[in-house]
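The chain contents come next:
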Amino acid sequence: AVVSTQSTGICYTLSGVFALFFLIVLILPESPRFQLVKGKEAQARKTFNKIAWIFNTHPLSKDTKIIFQDYKNNYWKQLKDFRKYPLMQKNTLILMVSWMSIACISYGLLFSWAKLGSDIYTNILFSTIGSFIAHGAGIVYFTIQYLGRKTASVVFFLGLGLTFYTSIPCFGVKVTDGWTLDNIVCLLSTVFISGVWGSVVLLTKELSPTSHRGMIYCLASSSGRLGSFVGPYSALLYNEIEPRIVLGIFGTIAALAAIMACFNSDSTGKPIPSTPADVVKHTGHTKIEDDELDN
């Protein structure tokens, strides 16, 4: 078999990127919580000081006492807590929908690159430029910081839906011999996809209490995995039905996810919750939830 020069170059480039990530992981400090769970308080103190040095903050003094509470909740008790605390249940369900929606759209678009324009390598370049605009230029960071986690996720979802809806009337409008206007509009959606991933993942971290974070992350990421399976199959409809219908499906998924995100809690400016009760305290609650806290 003959291996093209382009394929070889892509393989070498990806290998270099993965090697760079591997080196970065080696530099990162271990989780101080993991060290405390294992009873290694001295190492945890060193890790805290290393993190303080990275972020240019004050290190822990020798007299500072580290208070650690281990949450030994079994699987069934954690499931029962979702019924006991409806607010945590509601937030988790909305986050699961958000993960599933953005995974479906992003993976659906990923497997549509061959259908968007005449050259798949140019499509990848467009996507890379969109990701750089979102992350390298700081658009995602500043939007989340300025609008807040919840509002940013809604705005990015709405922008993503609007991008796909805009591509429908632009469908077939030629820009060059190999490019149409809807191709370019769809590829620019990577900016909003990056924004949704950034805001939703951050919201998941900050709304999940420490005692249940593992379970909530598993539920959210599993939903995202399900969406990543559905997305590519949706992209196959390009060859079976009118392509504008597929664009409309992706736009509708993003719009519905934006509406769902409006009912989520906001973690902006609030401390990370340790227990489900902290979620209720930090994000606001109704009178019914007040009674739950007393129990």
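Preceding this paragraph is the structure being described.
Residues numbered from 1 in each chain as written. Predicted model: local features only at pLDDT ≥ 70, side-chain atom pairs only at ≥ 80, totals over all residues. Heavy atoms only, no water.

Peer 1: Explanation requested: the packing of aromatic side chains in the structure shown.
Peer 2: Both the distance between ring centres and the angle between the ring planes are used here to describe each pair of aromatic rings. One pass over the full model with this rule turns up four aromatic pairs. The interplanar angle of 85 degrees and the centroid separation of 5.8 Å between the aromatic rings of Trp-99 and Trp-197 together place this pair among those described as edge-to-face. With Trp-99 in helix α5 (residues 86-110) and Trp-197 in helix α10 (residues 190-207), this residue pair connects regions lying 98 residues apart in the sequence. Ring geometry for Phe-164 and Phe-250: centres 5.6 Å apart, planes at 50 degrees, overall tilted. Linking Phe-164 in helix α8 (residues 149-167) with Phe-250 in helix α12 (residues 243-261), this pair joins segments that are 86 residues apart in sequence. Of the two residues, Phe-164 and Phe-250, neither departs from the other in class, the shared state being buried. (Phe/Tyr/Trp six-rings, centres within 6.5 Å; stacked < 30°, edge-to-face > 60°. Helix = DSSP H or I, 4+ residues; strand = E, 2+ residues; numbered from the N terminus. Buried < 20%, exposed > 50% of the residue type's maximum accessible area, 1.4 Å probe, protein only.)

Peer 1: What exactly am I supposed to notice about the side chain of Glu-206 here?
Peer 2: With respect to the helices and strands, the residue Glu-206 is situated in helix α10. The exposure class assigned to Glu-206 is buried, which follows from its relative accessible area of 13%.

Peer 1: Please clarify how the packing of helix α4 (residues 75-84) against α5 should be interpreted in this entry.
Peer 2: For any two helices packed against each other, one specifies the crossing angle of their axes together with the interaxial distance. Where α4 contacts α5, the two axes come as close as 5 Å, and the packing angle between them is 100 degrees. In terms of their interaxial angle, α4 and α5 are classed as roughly perpendicular. Across from Asp-81, Phe-82, Arg-83 and Lys-84 in α4, the residues of α5 making contact are Pro-86, Met-88, Gln-89 and Thr-92. Its residues assigned to classes, the contact of α4 with α5 comprises three nonpolar, two polar and three charged. (Axes fitted to C-alpha atoms, helices over the stretch in contact; angles between N-to-C directions. Parallel < 35°, antiparallel > 145°, perpendicular 65-115°, else oblique. Contact = heavy atoms within 4.5 Å. Nonpolar A, V, L, I, M, F, W, Y, C, P; charged D, E, K, R; others polar.)

Peer 1: Explain a nonpolar patch on the surface to me, please; I cannot follow it from the model alone.
Peer 2: Side chains of Leu-14, Val-17, Phe-18, Leu-20, Phe-21, Ile-24, Val-25 and Leu-28 sit close together on the surface and give an oily, nonpolar patch of about 790 Å² of accessible area. Inspection of the secondary structure puts Phe-18 in helix α1 (residues 5-27). A relative accessible area of 57% means that Phe-18 is categorised as exposed. (Patch = residues over 30% accessible without salt bridge, like charges linked within 9 Å, V, L, I, M, F, W, Y side chains within 5 Å. Areas by Shrake-Rupley, 256 points an atom, 1.4 Å probe, with all protein chains shown as cover. Salt bridge = Lys/Arg side-chain N within 4 Å of Asp/Glu carboxyl O.)

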